[in-house]
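Each chain, written out:
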Protein chains: 2
Amino acid sequence: MIDDTHDPSLQSWVESANPAGADFPLQNLPFGRFRQDGRADWRIGVAIGEQVLGLRQAGLAHTDDMRHFLGLAPPARRELRRAISHGLRRGSPREASLRQALLPQAGVQMGLPCEIGNFTDFYSGIHHARAVGTLFRPGEPLLPNYKWLPQAYHGRASTIGASPSRFHRPQGQQRGAGATRPVLGPSTRLDYELEVGFVVGRASTQGEPVSIDHAEDHLFGVVLLNDWSARDIQAWEAQPLGPFASKNFASTVSPWIVTMEALAPFRRPFGRPAGDPEPLPYLDSPANRAQGAIDITLQAWLQTAAMREAGLAAQRLSESNLTDAYWSAAQLVAHHTVNGCSLCSGDLLGSGTMSGPTPEQAGSLLELTQGGRTTLALSSGEARGFLQDGDTVVLRGLCSRPGWRQIGLGECRGTVLPARDAGGGLAQRGAVAS
Amino acid sequence: MIDDTHDPSLQSWVESANPAGADFPLQNLPFGRFRQDGRADWRIGVAIGEQVLGLRQAGLAHTDDMRHFLGLAPPARRELRRAISHGLRRGSPREASLRQALLPQAGVQMGLPCEIGNFTDFYSGIHHARAVGTLFRPGEPLLPNYKWLPQAYHGRASTIGASPSRFHRPQGQQRGAGATRPVLGPSTRLDYELEVGFVVGRASTQGEPVSIDHAEDHLFGVVLLNDWSARDIQAWEAQPLGPFASKNFASTVSPWIVTMEALAPFRRPFGRPAGDPEPLPYLDSPANRAQGAIDITLQAWLQTAAMREAGLAAQRLSESNLTDAYWSAAQLVAHHTVNGCSLCSGDLLGSGTMSGPTPEQAGSLLELTQGGRTTLALSSGEARGFLQDGDTVVLRGLCSRPGWRQIGLGECRGTVLPARDAGGGLAQRGAVAS
């Protein structure tokens, strides 16, 4: 629903919010959790330009519990958004009091935007699914169910970290081409996945399906999501039960939840290519067709250790868009709950890797390197197949449309550290056992 | 570790704990959460005979937060167990004061034994894996990775309920044999799965693999687990990402965690059939081979609505044993963490369906009916392929060994209610959409 908070002419008395291209202008107002001291409790903040406004400290909320905000009904959320927007507008009579609740983002630590109780990762990027399917099943890239139901698996919620994250290269079982036995070792085919995560706001009731027309009422907003994947571990383990140890070592999300309200100007008609089957009724509605898609440009950037040392900026690997998704967010919710499965406040629903229709728009190295058969040329003179130690991957997202103020999702940044136990603790274990 | 709390001659002043065959004699002492009033906070109790002893109320603990108990190091857990055991023994000087903290189990409500943050379901029942594999892949019942790594998938934590549970038959997409299009409808192939769930005690550290010899230090104990499964939904959705909507509508666990200490007398040597590959070093150790298996007899019982009305007792469907598992609990933990994935207090690790080596020892109807091709004859004169509305499935587990006092896991009970929206809300949705 478009209202006065989306007016593209609005300017803030927080000057860093006003330049064109800023991720967090007055029209965005994403929610996150911050603290000034690593031992302090999290506070709820809204990003404005390069600052963060503490909502309770500003007198705009009575709690620092994100669950309160996630649980608000859409009208209450819109009312809060309006109050924040009015307070931050140029000329607001509340400027003096709100200024006291303002901190530079550079001076605070951002946490996970909420406690993520459950993580479901969908597979709605059809170009990704087709490209990966071509690598593994050349004769049948898309399985027969792909266009009928939003494929998904449960991910690991407890190992999702907030950007900027650092994690050790995972080790795991892998079986080389032609080998008869697997070995344990650090993954040599470590990859990123460029995804959007939908954050569940109001919980649904166990046993009660959510109809597609009410599905978005249960979504609070979106974050960027990097579902790091070890392709060698994945290839060996993934059948018959799906990915497990190849994914659950770490995932990273951006710290700011861009609300569904902020995304309102960037909605698009949602449809399918001619000739594709019509969705079953529980996955279809006029409202979903009228504006089920969300136009978010998604980018993946890489900066290697050598690039950092040489003072070279991160290099863009690819660009895609959430409109490349075969399934809308409302369809994901409707399918997830049709069997009675409840959604909880703070649950994360991943879109799956978003790749565009052309090879250079792929949202993972697996696709960009055709399964590791080619490498990418980097500005540092390096070549990259999969990720090396010291590599930093940065995901970005932005919404841009003529006539509206551009907003951004911030960044989702993660750095690969060397494997922890290569030849160390586990080698000792082996010695004890033998 | 065996100590005086396992002495089979011990008797309690709680008389209902003493008859042979009682699930909760003095040698067991499982932990659970109970309350007398549906609105009250949960209290931590230990089952003794037909009573529950409130630990804080008895002066044996200072908190009603199960996380405190889950986080205890094994020596502290053993000390607490000894204190409880001594207090409940016949002739204890503390009988009078402990008696005031005693309530009949029949008068309290049991909740989930802890907050389950993450649910991982393994597939360690090799007879089940082989039987199910034979149904779906006759030429290759066990995939090449089966004997190398403990296959697993992430389940849905938020829809796990405590016994006794009731849930509506799920609806979902399914595609009939020979059909070209799926339909949405209530599952007609609803099944149970007979599993043991390991409850994680002390958390592990993200990024740090847990060695197999320290793996059991992170386990608090076991519960019974029924991983309800809709086979028709599963068959249609399961490739390529594994089970999702066919499982996440509901799972049920027994309310009492039988501790690893209580299980000490029932440990067994753990090995593999001759000719099977040796486990990789991180999954192998002398200690794990010496006593990695746990001897728990597992049973599934069925009582239909007609049997209840006719006054007929539940009928046993099958019996198997946790020693049928191809992977030990320590191996599950070592594999789960080898990539750096952390385990959290209260996480649940399912064993996977435990079936014995013979067809009548199968732990699911899918196996017992050979994929639904046959039916079971019931005492009521009914025939059962898959579960019908009103069916109650009860899982039971017991540990029995000559020279030791038998202990039980209590029961895990769940009842199937009719599908909720068949022809109702969702039919209306379809009408709106068309």
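None of the values given here were measured: they were computed from a predicted structure.

## So, the confidence of the model for chain A
Residue and element names in this part refer to chain A.
Part 1 of the argument: In the predicted model, chain A carries a mean pLDDT of 95, and 97% of its residues have values of at least 70.
Part 2 of the argument: Taken as a whole, residues 422-434 scores under 50 in pLDDT and shows 20 contacts with residues more than four places along the chain or in a different chain.
Part 3 of the argument: The complex prediction reports pTM at 0.95, with the ipTM value standing at 0.95.

## Notes on the sheet that holds strand β9 (residues 165-168) of chain A
All names here are of chain A.
Part 1 of the argument: Taken in spatial order, the five strands of this open sheet run β9-β26-β25-β20-β21, and their pairing is mixed. In the strand order of this sheet, the two ends are held by β9 and β21 (315-321), each with one partner. Each strand of the sheet is rotated relative to its neighbour by a mean of 20 degrees, with strand direction disregarded.
Part 2 of the argument: Alignment of strand β20 (residues 297-303) against strand β25 (residues 392-399), held across seven bridges, turns out to be antiparallel. Considered in β25, the bridge of Gln 303 is made with Thr 392.

## Things to note about the interface of chain B and chain A
Part 1 of the argument: Contacts between the two partners involve 71 residues from chain B and, on the opposite side, 71 residues from chain A.
Part 2 of the argument: Overall, the association of chain B and chain A removes approximately 6200 Å² of surface from exposure, summing both partners, and the carbon and sulfur fraction of that is 59%.
Part 3 of the argument: Sorting the residues of chain B by area buried against chain A places B:His154, B:Leu241 and B:Phe244 first, and these three jointly supply 13% of that buried surface.
Part 4 of the argument: Counting across the interface, chain B meets chain A through four salt bridges.
Part 5 of the argument: The residue A:Arg156 makes a salt bridge to B:Asp347 at a minimum N-O spacing of 2.6 Å.

## Concerning the environment of B:Ala83
Residues and elements named next belong to chain B.
Part 1 of the argument: With respect to the secondary-structure elements, Ala 83 resides in helix α2 (residues 74-88).
Part 2 of the argument: Ala 83 gets classed as partly exposed once you look at its relative accessible area, which sits at 32%.
Part 3 of the argument: In this structure, the C-alpha to C-alpha distance between Ala 83 and Thr 374, residues 291 residues apart in sequence, is 52 Å.

## Notes on the pairing of strand β26 (residues 407-417) of chain B
All names here are of chain B.
Part 1 of the argument: For β26, the buried fraction is high: nine of the 11 residues fall into the buried class.
Part 2 of the argument: For strand β9 (residues 165-168) and β26, the ladder comprises four bridges, and the chain directions are parallel. In the sheet register, Arg 166 faces β26, and the bridge partner there is Thr 415.
Part 3 of the argument: Sheet analysis places strand β25 (residues 392-399) next to β26, joined by seven bridges and oriented antiparallel. Following the sheet pairing, Leu 395 is matched in β26 by Cys 412.

## Concerning unusual backbone geometry
Residue and element names in this part refer to chain B.
Part 1 of the argument: The residue after Ser 163, namely Pro 164, is reached through a cis peptide bond having omega -5 degrees.
Part 2 of the argument: Its location among the elements puts Pro 164 in the loop between β8 (160-162) and β9.
Part 3 of the argument: With an omega of 10 degrees, the peptide bond between Gln 239 and Pro 240 qualifies as cis.
Part 4 of the argument: Residue placement: Pro 240 occurs in the loop between α6 (231-237) and β16 (251-253).
Part 5 of the argument: Unlike most non-glycine residues, Leu 29 shows phi in positive territory, near 60 degrees.
Part 6 of the argument: By the secondary structure assignment, Leu 29 is in the segment before β1 (31-35).
Part 7 of the argument: Here the phi dihedral of Gln 370 falls at roughly 50 degrees; this positive angle occurs in a residue that is not glycine.
Part 8 of the argument: With respect to the helices and strands, the residue Gln 370 is situated in the loop between α10 (365-368) and β23 (376-377).

## Examining the packing of aromatic side chains
Residue and element names in this part refer to chain A.
Part 1 of the argument: Taken as a whole and judged by the stated rule, the model has 18 aromatic pairs over all chains.
Part 2 of the argument: An angle of 55 degrees between the planes, with centres 4.7 Å apart, marks the rings of Phe 167 and Trp 228 as tilted. Of the two residues, Phe 167 is situated in strand β9 and Trp 228 in the loop between β14 (219-226) and β15 (229-230); the sequence distance between them amounts to 61 residues. As far as burial versus exposure is concerned, Phe 167 and Trp 228 are alike and both buried.
Part 3 of the argument: Note on Phe 167 and Phe 249: the rings are 5.8 Å apart at their centroids and 40 degrees apart in plane angle, and the pair reads as tilted. Taken together, the residues Phe 167 in strand β9 and Phe 249 in the loop between α5 (231-237) and β16 (251-253) connect sequence positions 82 residues apart.

## Focus on the nonpolar core
Part 1 of the argument: In this structure, A:Tyr192, A:Phe198, B:Tyr192 and B:Phe198 are the most contacted members of the largest nonpolar core, which totals 152 residues.
Part 2 of the argument: Discounting chain neighbours no more than four positions away, the residues touching A:Phe198 are A:Leu219, A:Gly221, A:Val222, A:Ile294, A:Leu322, A:Ala329, A:Leu332, A:Asp347, A:Leu348 and A:Leu349.

## Considering the relation of the copies chain B and chain A
Mapping between the two copies of the chain is achieved by a rotation about an axis and a shift along the axis.
Part 1 of the argument: Between chain B and chain A, the superposition needs a rotation of 180 degrees and an axial shift of 0.0 Å, giving an RMSD of 0.0 Å. In the structure described here, the two chain copies are related by an operation that fits a two-fold rotation axis. Residue B:Gly242, judged by its C-alpha, is the member of chain B lying nearest the rotation axis, at 2.3 Å.

## Some remarks on the layout of surface pockets
Part 1 of the argument: The calculated volume of the largest pocket comes to roughly 1200 Å³.
Part 2 of the argument: Forming the walls of the largest pocket are 36 residues, and the residues nearest its centre are A:Glu115, A:Gly117, B:Glu115, B:Ile116 and B:Gly117.
Part 3 of the argument: No other element matches helix α1 (residues 66-70) of chain B, which puts three residues into the lining of the largest pocket.
Part 4 of the argument: Split by residue class, the lining of the largest pocket holds 16 nonpolar, nine polar and 11 charged.

## Observations regarding the sheet that holds strand β20 (residues 297-303) of chain B
All names here are of chain B.
Part 1 of the argument: On the basis of which strands lie adjacent, the open sheet formed by five strands has the order β9-β26-β25-β20-β21 and mixed pairing. Edge positions in the sheet fall to β9 and β21 (315-321), since each of these pairs with one other strand and no more. Direction aside, the axes of adjacent strands within the sheet are offset by 20 degrees on average.

Conventions used here
Residues numbered from 1 in each chain as written. Chains lettered and ligands numbered in written order. Predicted model: local features only at pLDDT ≥ 70, side-chain atom pairs only at ≥ 80, totals over all residues. Heavy atoms only, no water. pLDDT = per-residue confidence, 0-100. Contact = heavy atoms within 4.5 Å. Pairing = 2+ DSSP bridges. Helix = DSSP H or I, 4+ residues; strand = E, 2+ residues; numbered from the N terminus. Axes fitted to C-alpha atoms, helices over the stretch in contact; angles between N-to-C directions. Buried area = accessible area lost by both parts, 1.4 Å probe. Salt bridge = Lys/Arg side-chain N within 4 Å of Asp/Glu carboxyl O. Buried < 20%, exposed > 50% of the residue type's maximum accessible area, 1.4 Å probe, protein only. Phe/Tyr/Trp six-rings, centres within 6.5 Å; stacked < 30°, edge-to-face > 60°. Core = buried A, V, L, I, M, F, W, Y, C linked by side-chain atoms within 4.5 Å. Least-squares fit on C-alpha atoms with pLDDT ≥ 70 in both. 1 Å grid on protein atoms, 1.4 Å probe; cavity = no way out; pocket = protein on both sides within 12 Å on 5 of 7 lines; lining within 4 Å. Points joined across faces, edges and corners; volume = space filled by probe spheres on them. Nonpolar A, V, L, I, M, F, W, Y, C, P; charged D, E, K, R; others polar.

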